[in-house]
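Results of the structural survey
One letter stands for each residue in the lines below.
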Amino acid sequence: MKRLSLAVLLLSVSFAAASQTPVKLEFDLEMHATVVNDEYDASDAVLATSGTLPAVRMAPYLSLVFGEGSRISTGVNLCRDFGTPGVAPSAEWAVWYQLNRPVFTLAAGVFPRSLLKGEYSTLILSDSRRFYDALLDGFLLQWNKGRSHYEIALDWNGKFDRSRREQFNVITSGKGCVNSWISLNWEGMFHHYADSEEVWGVVDDHVLHPYMELDFAAFLPLQKLAVEAGPVLGYHFDRRKEDRRTSLGGLLSAEVRKWNVGIRNEAYYGGSQAPFYKSADANGNIYGSDLYMRASLWQVTPESAPGFYDRAVIYWQPKVTQGVHLKLLVAAHFGNGGFLGSQQIVEAIIDLHQLCLRWNKKH
């Protein structure tokens, strides 16, 4: 009886404390449908294989909002490939704490990759990894000041197990605006790929791309007219073989956009940023995309020797409404041997939270 009375007293105190702080429940839903068609037969698939990624991903989230910018959210990330009727979708549980302040944002737990605000190219994440690996397990820190933005996230994406390798990566980006048309930026990933019980051997895969961006759209009737230039620095170390590679290159990009139609070209010359892609671990398994999260085209050459890689893109991003984004994209890839292959991408992204914000503004 005394224990019951104590429990009732504690609950009463808790409810009394909660009543002093407004607490509300919010519902959000993200949906992402995509078709990525890769055609690399023109180059005999020497750097990338042909294939199609057609899938839809839906993530409903429920959040408890309290205090000054605090929230605890939970939900499930559901994913199913097109053309697989009767097959249950894959499901991953997400739960995280998030603190939103005007200048600072913190997230901790298992949270959606969509919380990242930085611009990450295929040097950091391939199209398939960006879609299927939709959750990060770890922490996120972001700083925002005016038009400038900086972020760093820890993703512990592999817990040591019998067949699962221990691994984690740090992903980061920054955009520091000097004025209305000059910014100093970076993107990077630092990846530690370690042992499992079945296979031993540690590989370090680190890449950093600092660059300057000049965007002249402020002086012209264009949405964007930008040039980006900077080095790409890679460090790769297969500790089992004592094989250490440093790769240095230069990346020059140009982009113009008007009426939501854009053309972008990325030209790289330098060392391979995936030199162990076709190498094998201690058990004879090819590293491939298990090790590298970036697009396989960043091998640059079949021998992972220094060379040239160019990606030319034309896209259309029609403005549907706030919270609904569409994108149609065609990309052509070129290397030392000429034309490597092409991609066709269709994307639709729906964010219920942004749709509700638009609805609330209207009503």
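You'll find the structure just up there.
The notes below deal with the structure included here. Note that the coordinates shown come from a computational prediction; the quantities given were computed from them, not determined experimentally. (Residues numbered from 1 in each chain as written. Predicted model: local features only at pLDDT ≥ 70, side-chain atom pairs only at ≥ 80, totals over all residues. Heavy atoms only, no water.)

1. Concerning the side chain of S304
Where we set the bar: Numbering goes from the N terminus for both helices and strands, where a helix is a DSSP run of H or I of at least four residues and a strand is a run of E of at least two. Between buried and exposed lies partly exposed: a residue is buried under 20% and exposed over 50% of the maximum accessible area for its type, with that area taken using a 1.4 Å probe on protein chains only. Throughout, a residue-residue contact means that at least one pair of heavy atoms, one from each residue, lies within 4.5 Å.
Within the secondary structure, S304 is located in the loop between α3 (288-291) and β14 (307-316). Note on S304: relative accessible area 15%, which makes it buried. Setting aside anything within four residues of it in sequence, one finds S304 in contact with S272, A274, P275 and Q299.

2. Thoughts on unusual backbone geometry
For D44, which is not glycine, the phi dihedral falls at a positive 55°. Summarising the element assignment, D44 is placed in the loop between β1 (24-39) and β2 (51-66). Under the relative-accessibility criterion, D44 is labelled exposed at 67%. In the Ramachandran plot, E242 falls in the positive-phi region, its phi being about 55° despite a non-glycine side chain.

3. Structural notes on the pairing of strand β10 (residues 203-215)
Applied cut-off: Note: two strands are recorded as paired if DSSP finds a minimum of 2 bridges between them.
As defined by bridge partners, strand β9 (residues 182-193) adjoins β10 across twelve bridges and the pair is classed as antiparallel. Pairing of F190 across the sheet is with H206, part of β10. The pairing of β10 with strand β11 (residues 224-238) spans ten bridges and is classified as antiparallel. Bridging across to β11, L208 finds its partner in L233.

4. Considerations on the nonpolar core
This is how it is decided: Grouping buried Ala, Val, Leu, Ile, Met, Phe, Trp, Tyr and Cys residues that are joined through side-chain atoms within 4.5 Å yields what is termed a nonpolar core.
By size, the foremost hydrophobic cluster in this structure holds 32 residues, and its most contacted members are I124 and I171. Taken together, the elements giving at least two residues each to this core come down to β2, β4 (90-100), β5 (104-112) and β6 (135-145). Of all the elements, β6 adds the most residues to this core, at three residues. In this structure, I124 is in contact with I171, E187, G188, M189, V207, M293 and R294, ignoring residues within four places of it in sequence.

5. Details of the layout of surface pockets
Rolling a probe over the atoms, with the probe sized like a water molecule, indicates the empty space that remains. To keep it simple, the criterion reads: The pocket and cavity definitions rest on a 1 Å grid over protein atoms only: a 1.4 Å probe that fits but cannot leave marks a cavity, an open set with protein on both sides within 12 Å along at least five of seven lines marks a pocket, and residues lining either have an atom within 4 Å of a point. Grid points are joined across faces, edges and corners, and a volume is the space filled by probe spheres set on the points. Amino acids are sorted into nonpolar (Ala, Val, Leu, Ile, Met, Phe, Trp, Tyr, Cys and Pro), charged (Asp, Glu, Lys and Arg) and polar (every other residue, Gly among them).
In this model, the second largest pocket occupies a volume close to 590 Å³. D38, T49, S126, S128 and S296 are, among the 31 residues lining the second largest pocket, the residues nearest its centre. At the level of elements, β1, β2, α2 (127-132) and β14 are the ones that each hand at least two residues to the lining of the second largest pocket. A breakdown of the residues in the lining of the second largest pocket according to their chemical character gives 13 nonpolar, twelve polar and six charged.

6. Quick word on a nonpolar patch on the surface
Just so we agree on the cut-off: Each patch is built from residues that are more than 30% exposed by relative accessible area and take part in no salt bridge. Like charges join if they lie within 9 Å; nonpolar side chains (Val, Leu, Ile, Met, Phe, Trp, Tyr) join within 5 Å. Accessible areas in this description were obtained via Shrake-Rupley with a 1.4 Å probe; residue shielding takes into account the shown protein chains only. Each reported salt bridge corresponds to a side-chain nitrogen of Lys or Arg within 4 Å of a carboxyl oxygen of Asp or Glu.
Together, V256, V261, I263, I314, W316, L328, V330 and V346 make up a nonpolar patch on the protein surface, roughly 650 Å² of accessible area in all. Elements with a contribution of two residues or more to the nonpolar patch: β13 (261-270), β14 and β16 (324-335). Its place among the elements puts V261 in strand β13. Take V261: its relative accessible area is 39%, and that puts it in the partly exposed class.

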